[in-house]
Amino acid sequence: MEGADMLHLDRLCYQLNEFSLTADLQIAAGDRVAVIGPSGGGKSTLLNGIAGFLVPRAGQMFWGGQPMPDHPGERPLSILFQDHNLFPHLTVLDNVAIGLRPDMRLSAAQKAQAVAALDQVGLGDKAMAYPRDLSGGQQGRAGLARVLLRQRPLLLLDEPFAALGPALKDEMLEITRQIVQQAGITALMVTHDPQDALSFAEYAILVAEGQAQAPAPIGPLFDHPPPALQSYLGRRAP
Ligand SMILES: Nc1ncnc2c1ncn2[C@@H]1O[C@H](COP(=O)(O)OP(=O)(O)OP(=O)(O)O)[C@@H](O)[C@H]1O
């Protein structure tokens, strides 16, 4: 885990009224990490902190050995939430293109890239459709196409496919895993489903009672869960 290509949360502390989250950990570049733990433990707070939406009370964050820029827009990351951040009044192509330029004034080459990203997620024939014309799975794919186009090295996912049925969710997780793996993207995914965590990630960060633990290899972690994880998993251990 040494070297410049990593995400380093250096003794970070975020305070939200009564709640505080501490994180002192490193994630190697290209790793896929599940963020798991009980409700209210601080999983979304961790992602919001990494995204730059929260100002830390203490500590620092580094990416590739350099301090993370303060401004969220300058951080080298993309975010995929459950609503896929699609704008209803924009075509699918423009929804993807906005990932590259907020004013959507793309050069011909950039437009070709956006079309290629749609092709890659199997939405090549939906470029001129609107989000309302897409199924839930297709909306997820459009969100992924934007992630592909942005080519940011870090991806934050907060239960992006939780609203989908089991088969479609599995399919979307697999597509996401392939895209992330091929592009060498470092990915952190919040999930409540141990099976999703296992199928997507190599490591897991357990977040409980305001503490984010260092990433651990996910198989052994589920095989021998520490007490906080054991009580969270209950009888739903995978
Ligand atoms: N904007 C806020 N202001 C004050 N407290 C907040 C704010 N957002 C979250 N909290 C509190 O911070 C704690 C952690 O919330 P967080 O959403 O990070 O947990 P979580 O692990 O993602 O939970 P869940 O699995 O239910 O989504 C909770 O006690 C929550 O009530």
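Identification of the protein as Thiamine import ATP-binding protein ThiQ from Planktomarina temperata RCA23 is taken from an unreviewed UniProt entry.

**Brief notes about the packing of helix H3 (residues 108–120) against helix H4 (residues 136–150)**
At a closest axis distance of 9 Å, the pairing of H3 and H4 adopts a crossing angle of 130 degrees. The angle between the axes of H3 and H4 places the two elements in the oblique class. The chirality of how H3 crosses H4 is right-handed. Where H3 approaches H4, its residues Gln113, Ala114, Ala117, Leu118 and Gln120 are matched on the opposing element by Ala145, Leu148 and Leu149. Tallied by class, the residues present in the contact of H3 with H4 amount to six nonpolar, two polar and no charged.

**Re unusual backbone geometry**
A positive phi is found at Arg11, a non-glycine position, where the angle reads about 50 degrees. As for its position among the elements, Arg11 is in strand E1 (residues 6–16). With relative accessibility at 61%, the residue Arg11 sits in the exposed group.

**Overview of the pairing of E1**
Strand direction decides the pairing type here: E1 and strand E2 (residues 19–28), joined by nine bridges, are antiparallel. In the sheet register, Gln15 faces E2, and the bridge partner there is Ser20. Where E1 folds back onto E2 in an antiparallel hairpin, the turn is made up of two residues, including Asn17, whose phi is positive at roughly 50 degrees. Note: E1 against strand E4 (residues 58–63), five bridges, orientation antiparallel. Across the sheet, His8 pairs through a bridge with Phe62, a residue of E4.

What counts and how
Residues numbered from 1 in each chain as written. Predicted model: local features only at pLDDT ≥ 70, side-chain atom pairs only at ≥ 80, totals over all residues. Heavy atoms only, no water. Axes fitted to C-alpha atoms, helices over the stretch in contact; angles between N-to-C directions. Helix = DSSP H or I, 4+ residues; strand = E, 2+ residues; numbered from the N terminus. Parallel < 35°, antiparallel > 145°, perpendicular 65-115°, else oblique. Left-handed = near helix turned anticlockwise from the far one by under 90°. Contact = heavy atoms within 4.5 Å. Nonpolar A, V, L, I, M, F, W, Y, C, P; charged D, E, K, R; others polar. Buried < 20%, exposed > 50% of the residue type's maximum accessible area, 1.4 Å probe, protein only. Pairing = 2+ DSSP bridges.

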